[in-house]
Amino acid sequence: MIRLEHVSKSYRTSTRPALDDVTVAVGKGEFAFLIGPSGSGKSTLLRLLLREEVASAGDVYVADLNVGRLSQRRIPQLRQRVGCVFQDFRLLANKTVSENVAFALEVIGKPRHTIRKVVPEVLELVGLEGKADRMPHELSGGEQQRVAIARAFVNRPLVLLADEPTGNLDRDISHEIMLLLERINRTGTTVLMATHDHTIVDSMRRRVVELHLGQVVRDESRGVYGVSR
Amino acid sequence: MRASFVFSEVVTGLRRNVTMTVAMILTTAISLGLLGGGLLVVRTIDRMQQDYYQRVETVVYLSADISANDPGCTSSTCSALRGQLESAPGVQTVIFESRQAAFARFQRIFQGQPELLQLARPEALPASLRVQLSDPARFPSIAKAFTGRPGVDRVTDQGEYLRQLFRALDGLRNATFVIALIQALAALLLISNTIQISAFTRRAEVGVMRLTGASRWYTQLPFLLEAVVAGVVGGVLAIVGLVIGKVAFVDRVLAGVFEAAIVPRIGYADIFSVAPVLLLVGSVVAALTGYLTLRLYVRT
Ligand SMILES: Nc1ncnc2c1ncn2[C@@H]1O[C@H](COP(=O)(O)OP(=O)(O)OP(=O)(O)O)[C@@H](O)[C@H]1O
Ligand SMILES: [Mg+2]
């Protein structure tokens, strides 16, 4: 589902490459953690998958798309298949919970009756059925992240990318978010999550890909955060 | 494409920066209004030119000899001159006016002033060939070709003072266009600036749109439409301004001039015939500005 082949990425303004000859693949329906110290290239890898950045060398594939080669016009096709959530939620402050989720469908031209049907469904999936009409500032951090996940998932993407989704949340709330991501993973969605949080990684015992200075230094199928930290 | 969604985005965008929106629309309106004014001046000048040049003549005054001895333009000198004038390029008609005919006309014109008539003798008036040019600009070449020929006294053109008048009007028109152009530049900068501000205030939305895979149209159309709205509303205001300008200013101040038919009246039909031009120019230029701004300044 996700495949990187000898991918390197150098930013113009920095001397050291952010990613250095990375080869890794994540299969359909898999759940994988992307770990590593700050600056090791986790966010860069996710940005390549979204075509927010283009690799300096190597090939990036998502499903059947060669991401680096996509024409500007076909980038939306990629992004409609890849959902993403971030540490800072990125909700629209002037829209309600359900409007925030609906927005993701409106802007890709989904018909209104579809939107009316699927938005409540996905809000129920993330456990926010009673809070559809709240504004984001009326929600806790954990609830806001649930809205963000609902928005990322509402179009049923093949892949869900999460960049430190629990970075702003305390331990119990983080655990609930992980349960939610697991539930989404069980629907067949491939999940790739970048994180610093070793408690979570240790408790989930899922695949772990560890980056260090832009290189893959470890790839275990039922890993823990490990000793190298 | 969900039209209602795009439309509501446009309205939100315009409402969020009311002051910029108003400034943008007013500047656009003034610029288009000046453009419209310039176009109306052009129409008026054209019509006046047709009018006046139809009435003016180029006159080839004939020598004393011919004036005295050739009342029918039958001498070889006179008929040759007439023939050459008739075949000269740009000449429509050539009419011979004998000394007697000139005197008769003189008497008609000065009917009310018997003292003057008493003084006048036919001998003082030359015979002439009166030439209608299809293109008044041809006068210099005719004058050059016929001045100093045997039988020709001098060549005059009543159009000379008109040409001065029209040069002044042309200057007025050009000045209007220059101001319109400067104003248009200000309007373009304001439109561009408004779009940038609009894109900045909506960067969260645009960010979400990008990441959810909205097409370029969905992310950019609202901004483009904002610009087009400015162009169209500006155009409508400009047209309204022209109508008000006609009723409240031109019709009053120039009432006497219109009455005397010196300047053709500017009608509503004239305004409505430049109206589509203003709307078209307004919306197309605004859309292009919007498009370029998005290309250059806004990441999508
Ligand atoms: N836009 C950018 N321009 C230049 N250098 C960048 C840019 N983004 C990231 N980098 C550099 O690339 C390297 C990898 O950054 P990246 O954000 O991928 O790390 P990360 O693993 O996500 O770190 P963190 O855990 O702190 O989020 C860092 O050295 C960073 O300074
Ligand atoms: Mg990061």
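Residues numbered from 1 in each chain as written. Chains lettered and ligands numbered in written order. Predicted model: local features only at pLDDT ≥ 70, side-chain atom pairs only at ≥ 80, totals over all residues. Heavy atoms only, no water.

What to know about the overall build of chain A
Okay, so step 1: Counting its regular elements, chain A contains seven helices and ten strands.
Okay, so step 2: Taking 229 residues into account, the globule formula puts the C-alpha radius of gyration at 17 Å, and chain A, at 17 Å, falls close to it.
Okay, so step 3: Seen along its three principal axes, the alpha-carbon backbone of chain A occupies a region of about 45 × 40 × 35 Å.
Okay, so step 4: Out of the 229 residues belonging to chain A, those deemed buried represent 52%.
Okay, so step 5: Long-range contacts, defined as pairs at least 24 residues apart, comprise 68% of the intrachain contacts of chain A with a sequence gap of at least 6.
Okay, so step 6: Of the roughly 10500 Å² of accessible surface on chain A, a fraction of 47% belongs to carbon and sulfur atoms. (Helix = DSSP H or I, 4+ residues; strand = E, 2+ residues; numbered from the N terminus. Rg over C-alpha atoms; globule rule 2.2 N^0.38 Å. Buried < 20%, exposed > 50% of the residue type's maximum accessible area, 1.4 Å probe, protein only. Contact = heavy atoms within 4.5 Å. Areas by Shrake-Rupley, 256 points an atom, 1.4 Å probe, with all protein chains shown as cover.)

What to know about the site of ligand 1
Residue and element names in this part refer to chain A.
Okay, so step 1: Neighbouring ligand 1 are 15 residues; S38, G39, K42, S43 and T44 lie closest to it.
Okay, so step 2: One of the side-chain nitrogen or oxygen atoms of R16 is found 3.2 Å away from an oxygen atom of ligand 1.
Okay, so step 3: Between S40 and ligand 1, the recorded distance is 3.3 Å, taken from a backbone N or O atom to an oxygen atom.
Okay, so step 4: Notes on ligand 1: free accessible area 630 Å², of which the protein chains cover 66%.
Okay, so step 5: Residue composition of the shell around ligand 1, grouped by class: three nonpolar, eight polar and four charged. (Near = heavy atom within 4 Å. Polar contact = N/O pair within 3.5 Å; in protein donor to acceptor, adjacent residues only side chain to side chain. Nonpolar A, V, L, I, M, F, W, Y, C, P; charged D, E, K, R; others polar.)

With respect to the pattern of salt bridges
Okay, so step 1: One pass over the structure, following the stated rule, counts 23 salt bridges over all chains.
Okay, so step 2: The partner of R3 of chain A in a salt bridge is E5 of chain A, and the shortest N-O contact between them spans 2.4 Å.
Okay, so step 3: What makes R3 of chain A partly exposed here is its relative accessible area of 37%.
Okay, so step 4: The salt bridge partner of R130 of chain B is E97 of chain B, with a shortest N-O separation of 3.0 Å. A residue pair is termed long-range when its members are at least 10 positions apart, and R130 of chain B in strand β3 (residues 128–133) and E97 of chain B in strand β2 (residues 91–97) qualify at 33 residues.
Okay, so step 5: By relative accessible area, which is 9% here, E97 of chain B ends up buried.
Okay, so step 6: Put simply, K9, R47 and E53 of chain A are held in one network by salt bridges that share partners. (Salt bridge = Lys/Arg side-chain N within 4 Å of Asp/Glu carboxyl O.)

Looking at the packing of helix α1 (residues 3–16) of chain B against helix α10 (residues 216–253) of chain B
When two helices pack together, their arrangement is captured by the angle between the axes and the distance separating the axes.
Residues and elements named next belong to chain B.
Okay, so step 1: Running from N to C, α1 and α10 cross one another at 55°; their axes reach a closest spacing of 9 Å. Classified by the interaxial angle, the pair formed by α1 and α10 is oblique. Along this stretch, α1 crosses α10, giving a crossing that reads as right-handed. Within the contact between the two elements, α1 uses F5, V6, E9, V10, G13 and L14 and α10 uses Y218, L221, P222, L225, E226 and V229.
Okay, so step 2: Among the residues making up the contact of α1 with α10, the classes are represented as nine nonpolar, one polar and two charged. (Axes fitted to C-alpha atoms, helices over the stretch in contact; angles between N-to-C directions. Parallel < 35°, antiparallel > 145°, perpendicular 65-115°, else oblique. Left-handed = near helix turned anticlockwise from the far one by under 90°.)

Focus: the packing of aromatic side chains
Okay, so step 1: According to the stated counting rule, one finds two aromatic pairs over all chains in the structure shown.
Okay, so step 2: Aromatic side chains F31 of chain A and F33 of chain A sit 5.3 Å apart centroid to centroid with 65° between the ring planes, which places their arrangement in the edge-to-face category. Residues F31 of chain A and F33 of chain A agree in their burial class; the two are buried.
Okay, so step 3: Considering the side-chain rings of F103 of chain B and F106 of chain B, the 6.5 Å spacing of their centres and the 15° angle between planes classify their relative orientation as stacked. Placement of the pair is F103 of chain B and F106 of chain B together in helix α5 (residues 99–109), with a separation of three residues, close to one helical turn. Accessibility assignment for this pair places F103 of chain B and F106 of chain B in one class, buried.
Okay, so step 4: Across the ring face of F86 of chain A, the terminal group of R90 of chain A is positioned such that the distance to the ring centre comes to 3.7 Å.
Okay, so step 5: Over the aromatic face of Y268 of chain B sits the side chain of K246 of chain B, whose NZ or CZ is 4.8 Å from the ring centroid. (Phe/Tyr/Trp six-rings, centres within 6.5 Å; stacked < 30°, edge-to-face > 60°. Lys NZ or Arg CZ within 6 Å of the ring centre and 35° of its normal.)

Considering the state of the cysteines
All names here are of chain B.
Okay, so step 1: Within the structure shown, the criterion is met by one disulfide over all chains.
Okay, so step 2: The disulfide partner of C73 is C78, and the gap between their sulfur atoms is 2.0 Å. Disulfide C73 to C78: torsion about the S-S bond roughly -100°, handedness left-handed.
Okay, so step 3: For C78, a relative accessible area of 0% gives the class buried. (Disulfide = S-S within 2.5 Å.)

Thoughts on the sheet that holds strand β2 (residues 19–26) of chain A
Residues and elements named next belong to chain A.
Okay, so step 1: Spatially, the four strands line up as an open sheet ordered β2-β1-β4-β5, and their pairing is antiparallel. In this open sheet, the two edge strands, each paired with only one partner strand, are β2 and β5 (65–66).
Okay, so step 2: Two strands pair when backbone bridges link them, and strand β1 (residues 2–9) and β2 are joined in this way by five bridges, in the antiparallel orientation. Paired with L4 across the strands is V24, a residue of β2.
Okay, so step 3: Along the sheet, helix α1 (residues 42–49) makes contact with β1, β2 and β4 (57–62), crossing β1 at roughly 120°. (Pairing = 2+ DSSP bridges.)

Considerations on the interface of chain A and chain B
Okay, so step 1: Each partner contributes residues to the interface: chain A has 22 residues there, and chain B has 17 residues.
Okay, so step 2: Summed over both sides, the interface between chain A and chain B buries roughly 1700 Å², with carbon and sulfur atoms accounting for 56% of that surface.
Okay, so step 3: On the chain A side of the contact with chain B, R79, F103 and V107 of chain A bury the most area, a combined 31% of that side's loss.
Okay, so step 4: Where chain A touches chain B, the interface holds one salt bridge. (Buried area = accessible area lost by both parts, 1.4 Å probe.)

Focus: the nonpolar core
All names here are of chain A.
Okay, so step 1: With 42 residues, the main nonpolar core has F33, V101, L123, I149, M178 and L181 as its most contacted residues.
Okay, so step 2: Taken together, the elements giving at least two residues each to this core come down to β3 (31–35), α3 (97–106), α4 (112–125), α5 (141–153), β7 (159–163), α6 (171–186), β8 (190–194) and α7 (198–204).
Okay, so step 3: By residue number, the principal contributor to this core is α5, which donates six residues.
Okay, so step 4: Not counting chain neighbours up to four residues away, the residues in contact with L123 comprise V97, S98, V101, L128, E129, A132 and A150. (Core = buried A, V, L, I, M, F, W, Y, C linked by side-chain atoms within 4.5 Å.)

Quick look at empty space enclosed by the protein
Okay, so step 1: Here the structure, examined in full by the defined rule, presents two cavities of 30 Å³ or more.
Okay, so step 2: In terms of lining, the largest cavity is formed by eleven residues, of which the most central are V56, T58, L133, P136 and D157 of chain B.
Okay, so step 3: In terms of residues, the lining of the largest cavity owes the most to one element, β3 of chain B, which gives three residues.
Okay, so step 4: Looking at the lining of the largest cavity residue by residue, the class counts come to six nonpolar, two polar and three charged.
Okay, so step 5: Here the second largest cavity defines a volume of roughly 40 Å³.
Okay, so step 6: As for the second largest cavity, its lining consists of I2, L4, V24, V26, L34, L45, L192 and V209 of chain A.
Okay, so step 7: Listed by contribution, the elements that provide at least two residues to the lining of the second largest cavity are β1 and β2 of chain A.
Okay, so step 8: Taken together, the residues of the lining of the second largest cavity break down into eight nonpolar, no polar and no charged. (1 Å grid on protein atoms, 1.4 Å probe; cavity = no way out; pocket = protein on both sides within 12 Å on 5 of 7 lines; lining within 4 Å. Points joined across faces, edges and corners; volume = space filled by probe spheres on them.)

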